[in-house]
Amino acid sequence: GTLVPYFELRERFGIRGKRPDIEQIVIARVRGQRIGLVVDSVIGEHKTVIKPLGKIYRNGTECSGATVLGDGSIALIIDVGRLAGRNTEYAH
């Protein structure tokens, strides 16, 4: 029953290409406030080991680390608090 500000991750990270027919929103709580993250799809819940990013990425990125998925591909971990903190106004 309340409005939730949200970020479109495709826009924030400059991702091009065809959008899915149905986008989904993941709701997160940051500093006591709810925000939404518009994503192409939700894969599911996974237990992961987060590896830190190299020193070059430590400052200036909204990613806090990376993990190796079961199929061997790499997934970046978004630091939602940092993403929200860099944007004094939410995207929408």
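Residues numbered from 1 in each chain as written. Predicted model: local features only at pLDDT ≥ 70, side-chain atom pairs only at ≥ 80, totals over all residues. Heavy atoms only, no water.

On to the nonpolar core, then. The biggest cluster of nonpolar side chains holds 10 residues, and these are Phe-7, Leu-9, Ala-28, Val-30, Ile-35, Leu-37, Val-39, Val-80, Leu-83 and Ala-84. Excluding its chain neighbours within four sequence positions, the residues that come into contact with Val-30 are Ile-35, Val-80, Gly-81 and Ala-84. (Core = buried A, V, L, I, M, F, W, Y, C linked by side-chain atoms within 4.5 Å. Buried < 20%, exposed > 50% of the residue type's maximum accessible area, 1.4 Å probe, protein only. Contact = heavy atoms within 4.5 Å.)

As a further point, take the environment of Asp-40. Considering the arrangement of structural elements, one finds Asp-40 in the loop between strand 3 (33-39) and helix 2 (55-58). Take Asp-40: its relative accessible area is 32%, and that puts it in the partly exposed class. Note: C-alpha distance between Asp-40 and Ile-25 (15 residues apart in sequence) is 8.6 Å. A distance of 2.9 Å separates the side chain of Asp-40 from the side chain of Arg-10, its partner in a polar contact. (Helix = DSSP H or I, 4+ residues; strand = E, 2+ residues; numbered from the N terminus. Polar contact = N/O pair within 3.5 Å; in protein donor to acceptor, adjacent residues only side chain to side chain.)

A word on the sheet that holds strand 2 (residues 24-30). In sheet architecture, strand pairing relies on hydrogen bonds along the backbone and comes in two forms, parallel and antiparallel. Strand order in this open sheet of 3 strands is 1-3-2, and the pairing throughout is mixed. Of all the strands in the sheet, just strand 1 (6-8) and strand 2 have a single pairing partner and so form its edges. Strand-to-strand twist of the sheet, defined as the mean angle between neighbouring strand axes without regard to direction, takes the value 25°. When strand 2 meets strand 3, the two strands line up antiparallel, connected through 7 bridges. (Pairing = 2+ DSSP bridges. Axes fitted to C-alpha atoms, helices over the stretch in contact; angles between N-to-C directions.)

As a further point, take the environment of Leu-53. Residue placement: Leu-53 occurs in the loop between strand 3 and helix 2. In sequence terms Leu-53 and Cys-63 are 10 residues apart; their C-alpha atoms lie 8.2 Å from each other.

What follows concerns the pairing of strand 5 (residues 74-78). The side chains of a regular strand alternate between the sheet's two faces. In this sheet, strand 5 lies alongside strand 4 (residues 63-68) in antiparallel orientation, the contact comprising 5 bridges. Bridging across to strand 5, Ala-66 finds its partner in Leu-76.

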